[in-house]
Amino acid sequence: MAYRPKGPPLSKAEMRAHAEKAIAAATKPITKLPTKLVRQCGRCGESSAVMVEPGDPTPPFQCKHCDGPTRRTRKAPESPQD
Ligand SMILES: [Zn+2]
């Protein structure tokens, strides 16, 4: 049997300190987050969500139904026919 020298074992407190350090590094506070802005269209009632970057002005409302690029001709998500 080979003799394996062991280093000093980590105490529970030390292991926890390591874990907490790792968690703190992984979940460092993020101060600037884009804001999700949900508004409802006054014409069709569809709500539209936009992401507003911090510091950016609120973009004008755009309804994906009334203002957005429309008419997707080939779209049939509910019919399984091919
Ligand atoms: Zn609309």
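Position numbers for residues count from 1 along each chain, tracking the sequence in the order it is written. pLDDT decides what is reported in this predicted model: residues at 70 or higher carry local features, side-chain atom pairs at 80 or more are listed and counted, and totals for whole chains, interfaces and linings draw on all residues regardless.

### Examining the overall build of the protein chain
Then comes step 1: Helix and strand counts for the protein chain come out as one helix and two strands.
Then comes step 2: Reading the helices (α) and strands (β) of the protein chain from amino to carboxyl end gives α-β-β.
Then comes step 3: Looking at the protein chain residue by residue over its 82 residues, the buried ones come to 0%.
Then comes step 4: Here contacts are defined at the residue level, using C-beta atoms placed from the backbone and a cut-off of 7 Å between them. Taking the intrachain contacts of the protein chain between residues at least 6 apart in sequence as the baseline, contacts between residues at least 24 apart amount to 5%. Where helices and strands are cited, they refer to DSSP runs of H or I of at least four residues and of E of at least two residues respectively, numbered from the N terminus. Exposure classification rests on a simple neighbour count of other C-beta atoms within 10 Å of a residue's own: a residue reaching 20 or more is buried, one at 12 or fewer is exposed, and one in between is partly exposed. C-beta atoms are placed from the backbone.

### Some remarks on the environment of Gly42
Then comes step 1: Mapped onto the elements of the fold, Gly42 is located in the loop between β1 (35-40) and β2 (47-52).
Then comes step 2: Counting along the chain gives 21 residues from Gly42 to Cys63, while the straight-line C-alpha distance between them is 9.1 Å.

### Looking at the environment of His65
Then comes step 1: In this fold, His65 is placed in the segment after β2.
Then comes step 2: A residue is classified by how many C-beta atoms lie within 10 Å of it, and His65, with 13 of them, is partly exposed.
Then comes step 3: With sequence-adjacent residues up to four places away left out, His65 is seen in contact with Cys41, Cys44 and Glu46.

### Here's the deal with the pairing of β2
Then comes step 1: Along β2, only zero of the six residues are buried, which leaves the element largely exposed.
Then comes step 2: Relative to β2, β1 runs antiparallel, the two being bridged by six bridges. Across the sheet, the residue bridging to Leu37 is Val50, located in β2.
Then comes step 3: Counted between consecutive antiparallel strands, the loop separating β1 from β2 contains six residues, among which Gly45 sits at a positive phi close to 85°. Note on pairing: two strands pair once DSSP finds at least 2 bridges between them.

### Notes on helix α1 (residues 12-26)
Then comes step 1: What a helix is expected to span follows from its residue count: subtract one and scale by 1.5 Å. The end-to-end C-alpha distance of α1 is 21 Å, a good match for the 21 Å that 15 residues give at a rise of 1.5 Å each.
Then comes step 2: Counting buried positions over the 15 residues of α1 gives zero, only a small fraction of the element.

### Notes on the confidence of the model for the protein chain
Low pLDDT means the predicted coordinates in that region are not meant to be read closely.
Then comes step 1: For the protein chain, the average pLDDT comes to 81, and 79% of its residues sit at 70 or higher.
Then comes step 2: When pLDDT is averaged over each element of the protein chain, β1 comes out on top at 92 and α1 at the bottom at 88. Confidence of the predictor at the level of single residues is given by pLDDT, which spans 0 to 100.

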